Amino acid sequence: MSESPRYGRTDDQARMLTEAALLLVDARRKALELVRASGAELGQEERDFVGDLCTADREAPPPPHRCACPRYRGSGGDDKCRTVFPDPYTGGWGGEHPMVRCGHLKMAHGI
């Protein structure tokens, strides 16, 4: 069994963590879509609970995929998100490309 370059994880551990991360990203995205489709006004606590994950697409390389950024960090407007996070689509949970920067605008995040 070989070890992953990140934290000495085995390949199986890295694969399972990646699968778990992708499930979390997909569940949060689906929840955000449902909240948007409802048209309901959310209070601050509700918005904080739903979060402001990124809904933009990341470009290649690797193959284009959804951004998994969990929260916008910037000053809004034309200020791009500075959040750095493990991207499960690029092996960020144990692969060769552990961390990426979001780089999307505020309007791509949240409700």
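In case you missed it, the structure is sitting above this.
None of these values were measured; they are calculated from a predicted model.

### A closer look at the nonpolar core
Right, on to step 1. In this structure, Val25, Cys54, Ala56, Cys67, Ala68, Cys69, Tyr72, Cys81, Phe85, Val100, Cys102 and Ala108 together form the largest nonpolar core, which totals 12 residues.
Right, on to step 2. For Cys81, the residues in contact, after removing those within four places along its chain, are Cys69, Arg71, Tyr72, Arg73, Arg101, Cys102, Gly103, His104 and His109.
Right, on to step 3. Formed by five residues, the second largest nonpolar core is a distinct cluster that contains Leu32, Leu42, Val50 and Leu53.

### Some thoughts on helix α1 (residues 11-38)
Right, on to step 1. Spanning 28 residues, α1 covers 41 Å between terminal C-alpha atoms, matching the ideal 40 Å at 1.5 Å per step.
Right, on to step 2. Those residues of α1 that fall on the buried side of the exposure criterion are Ala14, Thr18, Ala21, Val25, Arg29, Leu32 and Val35.
Right, on to step 3. Of the surrounding elements, those touching the buried residues of α1 are α2 (44-50) and β2 (65-66).
Right, on to step 4. Two residues or fewer past α1, Gly39 is found with a positive phi of approximately 75 degrees.

### Describing the pattern of salt bridges
For side chains of opposite charge, pairing can occur when their charged atoms come near one another.
Right, on to step 1. This model, assessed by the stated rule, comprises three salt bridges.
Right, on to step 2. Across the pair Asp26 and Arg66 runs a salt bridge, and its minimum N-O distance is 2.7 Å. Of this pair, Asp26 sits in helix α1 while Arg66 sits in strand β2; the two residues are 40 residues apart in sequence, bridging distant segments of the chain.
Right, on to step 3. Judged by relative accessible area, Asp26 falls into the partly exposed class, the value being 32%.
Right, on to step 4. Arg66 gets classed as partly exposed once you look at its relative accessible area, which sits at 32%.
Right, on to step 5. Salt-bridge contacts for Arg82 lead to Asp79; the nearest nitrogen and oxygen are separated by 2.8 Å.

Thresholds, definitions, all that
- Residues numbered from 1 in each chain as written.
- Predicted model: local features only at pLDDT ≥ 70, side-chain atom pairs only at ≥ 80, totals over all residues.
- Heavy atoms only, no water.
- Core = buried A, V, L, I, M, F, W, Y, C linked by side-chain atoms within 4.5 Å.
- Buried < 20%, exposed > 50% of the residue type's maximum accessible area, 1.4 Å probe, protein only.
- Contact = heavy atoms within 4.5 Å.
- Helix = DSSP H or I, 4+ residues; strand = E, 2+ residues; numbered from the N terminus.
- Expected span 1.5 Å × (residues − 1).
- Salt bridge = Lys/Arg side-chain N within 4 Å of Asp/Glu carboxyl O.

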